[in-house]
Amino acid sequence: MSRVLLDQRRRGTRFVHLPIRSILNSPQQTGMGFWSLNPYVGCEFGCTYCFARFAHRYVVERGETGAGEVVWADDEFERQVFVKREAPDVLALTLKPSRLGGAAIAIGTATDPYQPAERRFLLTRRILERLAQFHGLNVSLVTKSPLVARDLDVLARLAERGRLTVYLSLISMDVPLIRKIEARSPMPQVRLRALEKLVQGGLHAGVMLAPILPGITDGVPQLLALMRAAKAAGAAFVHASPLRLYPAVRSTFLPAVARHFPALRERYERSFDERGRVAETYERALERRVERLKRRTGFGGHERESGPAEPLQWTLPL
Ligand code: SF4
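A brief report on the enclosed structure follows. (Residues numbered from 1 in each chain as written. Predicted model: local features only at pLDDT ≥ 70, side-chain atom pairs only at ≥ 80, totals over all residues. Heavy atoms only, no water.)

1. A word on the packing of helix α4 (residues 87-94) against helix α6 (residues 123-131)
Phase 1 of the analysis: Direction vectors running N to C along α4 and α6 enclose 15°, while the axes themselves pass 8 Å from each other. Here α4 is positioned roughly parallel relative to α6, judged by the angle of their axes. For α4 against α6, the interelement crossing comes out right-handed. Seen from α4, the contacting residues are Ala87, Pro88, Asp89, Leu91 and Ala92; seen from α6, they are Leu123, Arg126, Ile127, Arg130 and Leu131.
Phase 2 of the analysis: Classifying every residue of the contact of α4 with α6 gives seven nonpolar, no polar and three charged. (Axes fitted to C-alpha atoms, helices over the stretch in contact; angles between N-to-C directions. Helix = DSSP H or I, 4+ residues; strand = E, 2+ residues; numbered from the N terminus. Parallel < 35°, antiparallel > 145°, perpendicular 65-115°, else oblique. Left-handed = near helix turned anticlockwise from the far one by under 90°. Contact = heavy atoms within 4.5 Å. Nonpolar A, V, L, I, M, F, W, Y, C, P; charged D, E, K, R; others polar.)

2. With respect to the site of the ligand
Phase 1 of the analysis: Contacts to the ligand come from Cys43, Phe45, Gly46, Cys47, Cys50, Phe77, Ala110, Thr111, Asp112 and Lys144.
Phase 2 of the analysis: Grouping the constituent residues of the shell around the ligand by class yields six nonpolar, two polar and two charged. (Near = heavy atom within 4 Å.)

3. Notes on the packing of aromatic side chains
Phase 1 of the analysis: According to the stated counting rule, one finds five aromatic pairs in the structure shown.
Phase 2 of the analysis: Where Phe51 meets Tyr246, the ring centres are 6.3 Å apart and the plane angle is 70°; that geometry is what we call edge-to-face. Of this pair, Phe51 sits in the loop between β4 (40-41) and α2 (53-62) while Tyr246 sits in the loop between β10 (238-242) and α11 (247-260); the two residues are 195 residues apart in sequence, bridging distant segments of the chain.
Phase 3 of the analysis: Given the relative accessible area of 46%, Phe51 is considered partly exposed.
Phase 4 of the analysis: Pairing Tyr268 with Phe272 gives two aromatic rings, centres 5.7 Å apart and planes at 20°, and the pair type is stacked.
Phase 5 of the analysis: Among the residues examined, Tyr268 registers a relative accessible area of 0% and is labelled buried. (Phe/Tyr/Trp six-rings, centres within 6.5 Å; stacked < 30°, edge-to-face > 60°. Buried < 20%, exposed > 50% of the residue type's maximum accessible area, 1.4 Å probe, protein only.)

The structure is reproduced here in C-alpha cells:
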C-alpha cells in the first residue's frame, strides 16, 4: 500500500498520511478504563523510554506489501510520523457522547498530541474544537510540549462545558540528563511555563512525573526539585509512576543506559520482569518516597504512611 508523503524536514523526518476510518479507541480495544485518541503515530521527541514504538512498527509493517520486505529500525519512530489527517472530521462523524458510557477520553496515550507535527497539521486543535461542541465530556490530555498553551482558548471552552485535565509530562529538572534520555523534547522550564499559562487560564493542570527511572531520577533531591518547580508553576497535582521496561522499550532504553549510566546497565537488565515491571519492593519504597515528598511540597499525598523509613536512593533495591 503506498502512502502519501505530506511533508519532509531537511533533517529527514517524513510526515506520512495515514488514512483512518475511526479515531476513538474503546476501553474494550485497549484494556484501559477510558476511551483514547492519538492524532499521530510516531513522535519526533524521541524519548528512549517511549513504549509507543511497538504501535508504530505495527503501522509501518501493515502498510507494506509483500511478506518480510520492511526492515523497521527503532529510529523510524522519530523519523517517520504518521498523520491521521482526517481525524477531526472522522471524530465529528462518529462521536456520540451517549455511547461513551460516561467514560473519559484520553488524548495522547501513545504519542504526544503536541509534538512538532502539530504546528503544521493542527489536528489536536481541531479535535479539541470538535469535542468542545459537546457538553459534559470528561477529557484528559498529556503532553511534553509548550505548544499546548497555544490552544488555551479551546481548552478553556472544553473545561467550561465538561471536565478537562491537562498533564505536562516531565521526568526531571536536570537539563543534561533530559538530553541524554529524550532526544528532542522541550526543556523542563519551557514545559513549566506552559503549565503556568494553563493554570493562569483557569485550567486544571499538573505534572505527570513518569516514568521515574530507577537509580537515575528517583533520588530525593531530583524528585524534590521537580515537585518544587511544579508547585511554583501552579501545578494542581503531581502524578508519578516508575518505568515499565516493556520488551519493545528495551532495545532503545537499555543502550541509552549503557551509554550514559554504564554502572546501572546490569541492574536494569535483571530487575524487570517479562511484563516490564520493576520489583515490587522497589515500587513500594518509591511510592512512599513520592508520597512523603508530595506532602512536603504541598501536593497532599496519601495519608497511608506505613512501612519502614525511606531508604536512600542508592539503597532502593532495584
Ligand atoms: S513525547 Fe511521549 S510519545 Fe513522544 S517519544 Fe516521548 S514518551 Fe514517546
